[in-house]
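# Structural characterization, general
Below, each chain spelled out in residue letters.
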Amino acid sequence: MLTFEHVTLGQRVLFGSGKAAEYLAAEVARLGASRVMVIASEFELPMARKVAADIEVALWHHEVIMHVPVEVADRARTAAIEAGIDLIVCVGGGSTTGLAKAVAMTTGIPIIAVPTTYAGSEATNVWGLTEAARKTTGVDDRVLPVTVIYDASLTLSLPVDMSVASGLNGMAHCVDSLWGPRADPINSALAAEGIRALAAGLPAIVADPSGLEGREQALYGAYLAAVAFASAGSGMHHKICHVLGGTFNLPHAQTHATVLPYVLAFNAPFVPEPEARMAAAFGAPTALEGLQGLRARLDAPKALADYGFTADGIAEAVQVALPAIPASNPRPVTEANLTALLQAALTGADPVTLSEQALEGATR
Ligand code: NAD
């Protein structure tokens, strides 16, 4: 019997390389906005100026910090209120989108998001804030951008290593949505197509970083991934990565790219149907082989130790992450097996041992 509950979030999506400025001007007019705030980090500002070339901007705001510290959010919110802003346009990666969401959450000001990485925050109603080294996330429909403008030409400047890490962050949305707390057949269909598009797009970016084709596939895949993730909710993978980012300040995309094969290996033996679906999307005998084959082609991030994590942090990471991991995770998570997972991810050990341990445990 097929029974499920699925919520599709309402959002307009405009996709076209080289069309961001044109799309933005049309959307600002359609929404009838007159006091526009553009949020973009200092580095993203030149891109934002091009995107906003055909609109009037009342306020430029460039104080953007990864994982949105609360004091940074407070300053942006105060600036928006004082300037009488009625529309936020964010141009940049997930950190920039995250700041726009923090402002929207308390003010209700609508957002048009113009993403320039494959993080996918623009397609979710999930916000994140960091205070005293603890990252909190939550769900609020007010933070969902009313419109997303995807222009792959804006991602051409994203260096290949960052494109790979960010694209694998998108891949993590697909994988985690197959066992997230609200996983359903619609999410699975979107996630499978997201895996296929990202697995095609990312190697094309590596082969031809200045070509648009791979960038478009990756952006399309990243959007599908984020829609699936928003519907399915945060699974084990995201809960672990939120702790590594919020408590240990590890870089978001690289952390996701590194941890993903370990969580996949950990859960795969317990989810035969989603596993087969992922394998098919990768065009590989198993999902893990598909992911690892792709990661090898991309020279993807390998070990958390390369990003500043140390063995000293494992016990604290386990203590903070364990209670946050959904009880519905397909494989029961314990202090011991989560410690083993993080130890393996720390050094870049072969993740297949995590699947083998699960299978040994099941037959014992
Ligand atoms: P980021 O936004 O921090 O960007 C990483 C770096 O790349 C920055 O220095 C940025 O200036 C630069 N950059 C961005 N676009 C570029 C481009 N086109 N060319 C060159 N450089 C560019 O990193 P991210 O991985 O995009 O986002 C990470 C943040 O997003 C985290 O805080 C994460 O929690 C959040 N996030 C939230 C959700 C959600 O649903 N709420 C989903 C995914 C990510």
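Computed from a prediction, not measured in an experiment: that's the story for all the values here. Numbering of residues starts from 1 in every chain and runs along the sequence as written. Note on the predicted model: pLDDT of at least 70 is required for a residue's local features to be given, and 80 or more for side-chain atom pairs to be given and counted; whole-chain, interface and lining totals, by contrast, use all residues. Calculated side-chain values reflect all of the structure's heavy atoms, with hydrogen atoms and water omitted.

### Considering the UniProt feature "domain: Alcohol dehydrogenase iron-type/glycerol dehydrogenase GldA" (unreviewed entry) in the protein
UniProt positions are given in the numbering used here, feature names are shortened, and annotations may be inferred rather than shown by experiment. The feature "domain: Alcohol dehydrogenase iron-type/glycerol dehydrogenase GldA" (unreviewed entry), as given by UniProt, occupies residues 11-151 in the numbering adopted here. By definition, any uninterrupted DSSP run of H or I lasting at least four residues is a helix, any uninterrupted run of E lasting at least two residues is a strand, and each is numbered from the N terminus. Between the first and last C-alpha atoms of residues 11-151 the distance is 17 Å; the span itself is 33% helix and 27% strand.

### Here we look at the nonpolar core
Residues belong to a common nonpolar core when they are buried Ala, Val, Leu, Ile, Met, Phe, Trp, Tyr or Cys residues joined through side-chain atoms within 4.5 Å. Using a 1.4 Å probe on the protein chains alone, a residue whose accessible area is under 20% of its type maximum counts as buried, one over 50% counts as exposed, and one in between counts as partly exposed. Among the nonpolar cores identified, the biggest contains 66 residues, and Leu168, Met171, Ile240, Leu244 and Leu264 are the most heavily contacted of them. For this core, the element with the most residues is helix 9 (residues 252-267), which contributes eight residues. Taken together, domain 1 (12-155) and domain 2 (160-363) each give at least three residues to this core, which thus spans both. Only heavy atoms matter for contacts: two residues are in contact if any of them lie within 4.5 Å across the pair. Those residues in contact with methionine 171 that lie beyond four places of it in its chain are Ile195, Leu198, Ala199, Leu260, Phe282, Leu291 and Leu294. Residue ranges assigned to each domain were obtained from an automatic or database domain assignment.

### Focus on the UniProt feature "domain: Fe-containing alcohol dehydrogenase-like C-terminal" (unreviewed entry) in the protein
What UniProt calls "domain: Fe-containing alcohol dehydrogenase-like C-terminal" (unreviewed entry) maps, in this numbering, to residues 164-346. This span, residues 164-346, is 70% helix and 0% strand, and a straight line between its end C-alpha atoms measures 19 Å.

### Concerning the site of the ligand
Taken together, 25 residues surround the ligand, and among them Ser95, Thr116, Thr117, Thr124 and Lys135 come closest. Side-chain polar atom of threonine 116 to a nitrogen atom of the ligand: 2.7 Å apart, as the coordinates give it. Distance and chemistry together define a polar contact, namely a pair of N or O atoms within 3.5 Å, with one atom able to donate a hydrogen and the other to accept it when in protein, and with adjacent residues in sequence counting only for side-chain atoms on both sides. In the environment of the ligand, a nitrogen atom lies 2.9 Å from a nitrogen or oxygen atom belonging to the backbone of valine 126. For the ligand, whose accessible area on its own is 860 Å², the fraction buried by protein is 86%. If you list the elements that add at least two residues to the shell around the ligand, you get helix 4 (94-107), helix 5 (160-177) and helix 9. Being near a molecule or strand, for a residue, means having at least one of its heavy atoms within 4 Å of it. To be clear on the numbers: accessible area is Shrake-Rupley with a 1.4 Å probe, and residue cover counts the displayed protein chains and nothing else.

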